[in-house]
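What the coordinates show
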Amino acid sequence: MNRFEQWATPGVRGLQPYQPGKPIDELQREYGVSDIVKLASNENPLGPSPRVREVLAGEFEELARYPDGNGFALKQALSARHGVDPAQITLGNGSSDPLEFVVRAFVQPGDEVLFSEHAFAMYPIVTRAASAQAVVAPARDWGHDLEAMRALIGERTRVIFIANPNNPTGTWLHEDELKAFVAAVPENVIVVVDEAYFDYARDPALGAAGYPDASLWLDEFPNLVVTRTFSKAFGLAGLRVGYALSQADIANLLNRIRPPFNVNSLALAAAGAALADQEHLRRAVHLNVEEMARVTDGMRELGLEYIPSVGNFVSIDVGGDAAPVYDALLHEGVIVRPLANYGMPRHLRVTLGLPAENERFLKALRKVLGK
Ligand SMILES: *Cc1c(COP(=O)(O)O)cnc(C)c1O
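Worth saying up front: this structure is predicted, and the values here are computed from it rather than measured. (Residues numbered from 1 in each chain as written. Predicted model: local features only at pLDDT ≥ 70, side-chain atom pairs only at ≥ 80, totals over all residues. Heavy atoms only, no water.)

**A short note on empty space enclosed by the protein**
One pass over the full model with this rule turns up 4 cavities of 30 Å³ or more. There is about 100 Å³ of room inside the largest cavity. Secondary structure elements with two or more residues in the lining of the largest cavity: α9 (198-201) and β7 (224-229). Residues that form the lining of the largest cavity fall into these classes: 8 nonpolar, 1 polar and 5 charged. (1 Å grid on protein atoms, 1.4 Å probe; cavity = no way out; pocket = protein on both sides within 12 Å on 5 of 7 lines; lining within 4 Å. Points joined across faces, edges and corners; volume = space filled by probe spheres on them. Helix = DSSP H or I, 4+ residues; strand = E, 2+ residues; numbered from the N terminus. Nonpolar A, V, L, I, M, F, W, Y, C, P; charged D, E, K, R; others polar.)

Have a look at this one:
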């Protein structure tokens, strides 16, 4: 019994912490296996741009100093890239940071935050941490059902989270439907479109025609917030840097609660260098297209259903309870992500890795399922 729980806020009392993918070291310690492949956290298997290494070496001399609390240089680069004013940007320690700022800025205990079933796990966490009410719209074909969501907008709704594409399902919304939804949301309700996988989803080779760039709608919708991250296609998950784009009025509020120096100096420098290397980004996206074909072909060969995805991951129905399959894969040295806490007990989410890693996964899965 935690004696202090009685004095914690009601939201914190009921909170389950975020469950990250199992770290490689932990599997080594606990199971004694080596030569481990981790395909559990949607990281870029190529790592960051080589330019990142160069700028990080240069930053070493400055480590004793506080970072630029306003992130001037990175905001300039993002401003040029998105065609927005720097005053429209909120930098975050990962894009999870601005997701939380939105809730802290706009949601009081008892207010409602709306999101979809099977949506990204941070939404319920930041909602409950604020002692707010999570309103969960039922999914349709594993993806967001915008009609169901619209029907759940009420007097107390303050924030709506939409992940496009969604993690862990990989499902995505097309431009016309998403824009019509945003247009129908009352102005006093903040709509957050979380585009963590934007660069992967945007690739035309994935057949994601009509996948939208919600950042282009900021002038039209004063209540729209779009989040992006350097953790996925840019390969900087370990440094923690992301951002929100909005009109300046909302950014002004988010920046009031942003802790000073929430983005460290290495992250600021690395993000700028990563952004400048579009060639590396293209390589990452190209690899992802090829490996998506490899893994989904493998699923067809195994006779397993999967949810079509435009992210750098795919969720697979293993044909029964996925927990023992997850565990058996761990014994084979392959870490994927079980999805029971997303209401998907039959699915495993696998991140697309390097060709050899994906072959390891396919071989291990075949063995574990006795196929
Ligand atoms: C990974 C992810 C994020 C952001 O992660 P950060 O590392 O905090 O930027 C946000 N939304 C979704 C849907 C994600 O999968």
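**Brief notes about the pattern of salt bridges**
Oppositely charged side chains may form a pair once their charged atoms are brought near each other. Summed over all chains, the structure comprises 20 salt bridges. E332 is the partner of K367 in a salt bridge, and the nearest nitrogen-oxygen pair spans 3.1 Å. On the criterion of sequence distance, the pair formed by K367 in helix α14 (residues 355-368) and E332 in the loop between α13 (323-331) and β11 (334-335) is long-range, its members being 35 residues apart. A relative accessible area of 55% places K367 in the exposed class. Here the salt bridges share partners, and the residues they tie into one network are K22, E26 and E30. (Salt bridge = Lys/Arg side-chain N within 4 Å of Asp/Glu carboxyl O. Buried < 20%, exposed > 50% of the residue type's maximum accessible area, 1.4 Å probe, protein only.)

**Quick notes on the domain arrangement of the protein**
Interfaces are often sized by the accessible area lost when the parts come together. One can read the domain layout of the protein as domain 1 (5-47 + 279-369) and domain 2 (50-277). A straight line from the C-alpha centre of domain 1 to that of domain 2 covers 23 Å. Between domain 1 and domain 2, the contact holds 34 residues from the first and 34 residues from the second. Between domain 1 and domain 2 the total buried area reaches about 2,800 Å² when both faces are included, carbon and sulfur atoms providing 69% of it. Together, L281, V310 and Y342 form the three largest contributors to the area buried by domain 1 at its contact with domain 2, with a combined 25%. For the pair domain 1 and domain 2, the number of links is 0 salt bridges. When residues of the side of domain 1 that touches domain 2 are traced back to their parent elements, those giving at least two are α1 (10-13), α12 (278-302), β10 (313-317) and β13 (347-351). It is α12 that contributes the most residues to the side of domain 1 that touches domain 2, 7 residues altogether. Of the residues contributing to the side of domain 1 that touches domain 2, the split by class is 16 nonpolar, 15 polar and 3 charged. (Domains from an automatic or database assignment. Contact = heavy atoms within 4.5 Å. Buried area = accessible area lost by both parts, 1.4 Å probe.)

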